[in-house]
Amino acid sequence: MEEEKKGFEIPKPIKEGEILEVTIDNVSRKGDGVAKVNGFVVFVKDGKTGEKVKVKVITVGRTYAIAEKV
């Protein structure tokens, strides 16, 4: 049963290279903006709370993505 869980991957609502428009909800401890896309966390480099920005997704991890402003 453990082996079955290892192969199971939850589909992610975004893909690497995708351009999105997001609203920064708050700022992380590291200073990156934090937005959500369908509940999936997206960290935006240099994002400020309340900002509505267009971003490009750089990396998609298991539980979050990293994006930068375009």
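Preceding block: the structure.
Undergrad: Kindly report on the overall build of the protein, identifying the contributing residues and their values.
TA: Each helix and strand in the protein was counted, giving one helix and six strands. Sequence-ordered secondary structure for the protein, helices as α and strands as β, is α-β-β-β-β-β-β. Burial statistics for the protein: of 70 residues in total, 26% are counted as buried. Taken as a whole, the protein presents about 5,300 Å² of accessible surface, with 49% of it coming from carbon and sulfur.

Undergrad: Let's hear about unusual backbone geometry: which residues, and what values?
TA: For N38, which is not glycine, the phi torsion reads 50° and is therefore positive. Tracing the chain through its elements places N38 in the loop between strand 3 (33-37) and strand 4 (40-44).

Undergrad: A description of the pairing of strand 1 (residues 19-23) should follow, citing residues and the corresponding values.
TA: Taking every second residue as pointing to the same face, the buried face of strand 1 carries L20 and V22, while none of I19, E21 and T23 on the other face is buried. One ladder, built from five bridges, connects strand 1 with strand 5 (residues 52-60); its direction is antiparallel. In the sheet register, T23 faces strand 5, and the bridge partner there is K52.

About the criteria used
- Residues numbered from 1 in each chain as written.
- Predicted model: local features only at pLDDT ≥ 70, side-chain atom pairs only at ≥ 80, totals over all residues.
- Heavy atoms only, no water.
- Helix = DSSP H or I, 4+ residues; strand = E, 2+ residues; numbered from the N terminus.
- Buried < 20%, exposed > 50% of the residue type's maximum accessible area, 1.4 Å probe, protein only.
- Areas by Shrake-Rupley, 256 points an atom, 1.4 Å probe, with all protein chains shown as cover.
- Pairing = 2+ DSSP bridges.

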